[in-house]
Amino acid sequence: MRLYVQVTEQCDLACRHCGFDCRPGDAEPIRPETLAGFLGSLPRAPSHVALTGGEPMLDVGRVLELTRLARARGAVVRLITNAGWARGARETEQLVRALGRAGIRGLWISAGLYHDEQSPFNNSLNLLRAARRIGIACHLNYVYLWPQQAGMRGKGLPAVDARVGDDVRTLALQRQQVSVAVGQPGAGGLSSGWSRMWDRGRARKLIDALGAELAAGVRADLLEAERAQGPSDLVGLGKDGRLLCSRIEGFGQAALP
Ligand code: SF4
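Just so it is clear, the model here is predicted, and its values are computed rather than measured.

*Asks:* Explanation requested: the side chain of threonine 92 in the structure shown.
*Replies:* With respect to the secondary-structure elements, threonine 92 resides in helix α3 (residues 89-102). Here threonine 92 falls in the buried class, since its relative accessible area comes to 0%. Every residue in contact with threonine 92, bar those within four places of it in the chain, is listed here: Trp85, Ala86, Arg87, Asn126, Leu127 and Ala130.

As structure tokens, this is what we get:
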């Protein structure tokens, strides 16, 4: 079972395509007790826990606490991040080392048209390099996301649906990208709403641009991630303890569309 934990709804970016409508703010992130209680309520322990947001690294201490908690229950823990904090090589490496010591095994690093408008791609590159040096698997998550198509519709976020539905640029991009489809066949050329690693189309060119050595490393990580994808059961936990989605038979009311 894979569990996605929304550490916070806040983000230092405010991407126009954001499925959760995240933006800067100062709300409290998820409390460790909330995660501990939720883990205790599950029918079985998750094999994989992904910490996501918003941007989880807005509260590094909380990320470390949550990681240790999930690790103590035997889960492989990964962090999904926009890399906005990876501005300098030295500070980035220090933070990645701290993540590794806490038990983070993988970094899913976001990039993409909408991210790159606000956060230079160089940040993602800094983070990829640091993670590779330290030996943490990393995945460049280049997202062309149209939330309605990717299954984000109907999660109590009608304002997001409306905004994205009106986003002609996003729709045009979605149509152009049919040839880089990943995920479910016929999904329309988009990564899944919950992040998916891929190496097709424009992403392939971006990975190539990393240089031979780093590109080979990233591709090895992508393959490993595909192999280790684990079971298909999936649960999402909101930062307030709300069940965001569940694909587990008989568990909770929320369901992915
Ligand atoms: S970086 Fe991710 S969480 Fe933050 S606004 Fe962009 S899409 Fe949303």
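*Asks:* Sorry if this is basic, but what is going on with the site of the ligand here?
*Replies:* The ligand sits among 10 residues. The nearest are Cys11, Cys15, Cys18, Asn82 and His115. The residue makeup of the shell around the ligand, split by class, is 6 nonpolar, 4 polar and no charged.

*Asks:* Which parts of the structure should I look at to understand the side chain of glutamine 10?
*Replies:* Note that glutamine 10 resides in the loop between β1 (2-6) and α1 (32-41). Look at glutamine 10 and you get buried, because its relative accessible area is 12%. Excluding its chain neighbours within four sequence positions, the residues that come into contact with glutamine 10 are Arg23, Pro24, Gly25, Asp26, Ala27, Gly54, Glu55 and Leu58.

*Asks:* How should I be thinking about the pairing of strand β4 (residues 104-111) in this particular structure?
*Replies:* Taken residue by residue, a regular strand's side chains alternate between the two faces of the sheet. With 7 of 8 residues buried, β4 lies mostly within the body of the structure. One ladder, built from 5 bridges, connects strand β3 (residues 76-81) with β4; its direction is parallel. Counted as the bridge partner of leucine 79 is leucine 107 from β4. As for the winding sense of the linkage, the β-α-β connection from β3 through α3 to β4 is right-handed.

*Asks:* Any chance you could explain the packing of aromatic side chains here in plain terms?
*Replies:* What the rule picks out here adds up to 1 aromatic pair. On the basis of an interplanar angle of 40° and a centroid distance of 6.2 Å, the ring pair of tyrosine 4 and tryptophan 108 is categorised as tilted. Residue tyrosine 4 is found in strand β1, and its partner tryptophan 108 is found in strand β4; the two are separated by 104 residues along the sequence.

*Asks:* Would you explain the environment of aspartate 116 in this entry?
*Replies:* With respect to the element layout, aspartate 116 can be found in helix α4 (residues 113-116). With relative accessibility at 28%, the residue aspartate 116 sits in the partly exposed group. Separated by 34 residues in sequence, aspartate 116 and asparagine 82 have C-alpha atoms that sit 9.7 Å apart.

*Asks:* Looking at this structure, I do not really get the environment of glutamate 93. What am I missing?
*Replies:* Secondary-structure assignment places glutamate 93 in helix α3. Expressed as a C-alpha distance, the spacing of glutamate 93 and arginine 129, which sit 36 residues apart in the sequence, is 8.7 Å. In this view, glutamate 93 contacts Ala130, Arg133 and Ile134; residues no more than four positions away in its chain are not counted. Of note is the side chain of glutamate 93, whose polar atom sits 2.9 Å from the side chain of arginine 97.

*Asks:* Help me understand the nonpolar core, please; the structure alone is not making it clear to me.
*Replies:* One broad rule of soluble globular proteins: the nonpolar side chains tend to lie buried together. With 39 residues, the main nonpolar core has Leu3, Leu51, Leu99 and Leu107 as its most contacted residues. Beyond its immediate stretch of four places on either side in the chain, leucine 3 contacts Leu35, Phe38, Leu39, Pro46, His48, Val49, Ala50, Val235 and Leu237.

*Asks:* Honestly, empty space enclosed by the protein in this entry has me stumped. Any pointers?
*Replies:* Gaps left between atoms are located by rolling a probe of water-molecule size over the structure's atoms. The final tally for this structure, using the stated rule, is 2 cavities of 30 Å³ or more. Each pocket or cavity is described by its volume, and for the second largest cavity that value is around 40 Å³. Every residue lining the second largest cavity is listed: Arg2, Tyr4, His48, Val49, Ala50, Arg78 and Trp108. Among the secondary structure elements, those contributing two or more residues to the lining of the second largest cavity are β1 and β2 (48-52). The greatest single-element share of the lining of the second largest cavity, amounting to 3 residues, is contributed by β2. Class assignment for the residues of the lining of the second largest cavity results in 4 nonpolar, 1 polar and 2 charged.

*Asks:* I keep staring at the packing of helix α2 (residues 60-72) against α3 and nothing clicks. Help me out?
*Replies:* One way to put it is that α2 packs onto α3 with a least axis distance of 9 Å and a crossing angle of 25°. Considered as vectors, α2 and α3 are oriented roughly parallel to each other. Each of Val60, Val63, Leu64, Thr67, Arg68 and Arg71 in α2 lies in contact with α3, whose residues at this interface are Leu95, Ala98, Leu99 and Ala102. Residue classes in the contact of α2 with α3 are distributed as 7 nonpolar, 1 polar and 2 charged.

*Asks:* Could you clarify how one ought to interpret the packing of α1 against α2 in this entry?
*Replies:* Each pair of packed helices can be summarised by the angle the axes make with each other and by the distance between the axes. One way to put it is that α1 packs onto α2 with a least axis distance of 10 Å and a crossing angle of 20°. On the basis of their axis angle, the class for α1 and α2 is roughly parallel. Crossing of α1 over α2 shows right-handed handedness. The segment α1 lies against α2, with Pro32, Leu35, Ala36 and Leu39 engaging Arg62, Glu65, Leu66 and Leu69. For the contact of α1 with α2, the per-class residue count stands at 6 nonpolar, no polar and 2 charged.

Thresholds applied
- Residues numbered from 1 in each chain as written.
- Predicted model: local features only at pLDDT ≥ 70, side-chain atom pairs only at ≥ 80, totals over all residues.
- Heavy atoms only, no water.
- Helix = DSSP H or I, 4+ residues; strand = E, 2+ residues; numbered from the N terminus.
- Buried < 20%, exposed > 50% of the residue type's maximum accessible area, 1.4 Å probe, protein only.
- Contact = heavy atoms within 4.5 Å.
- Near = heavy atom within 4 Å.
- Nonpolar A, V, L, I, M, F, W, Y, C, P; charged D, E, K, R; others polar.
- Pairing = 2+ DSSP bridges.
- Right-handed = clockwise from strand over helix to strand, strands pointing away.
- Phe/Tyr/Trp six-rings, centres within 6.5 Å; stacked < 30°, edge-to-face > 60°.
- Polar contact = N/O pair within 3.5 Å; in protein donor to acceptor, adjacent residues only side chain to side chain.
- Core = buried A, V, L, I, M, F, W, Y, C linked by side-chain atoms within 4.5 Å.
- 1 Å grid on protein atoms, 1.4 Å probe; cavity = no way out; pocket = protein on both sides within 12 Å on 5 of 7 lines; lining within 4 Å.
- Points joined across faces, edges and corners; volume = space filled by probe spheres on them.
- Axes fitted to C-alpha atoms, helices over the stretch in contact; angles between N-to-C directions.
- Parallel < 35°, antiparallel > 145°, perpendicular 65-115°, else oblique.
- Left-handed = near helix turned anticlockwise from the far one by under 90°.

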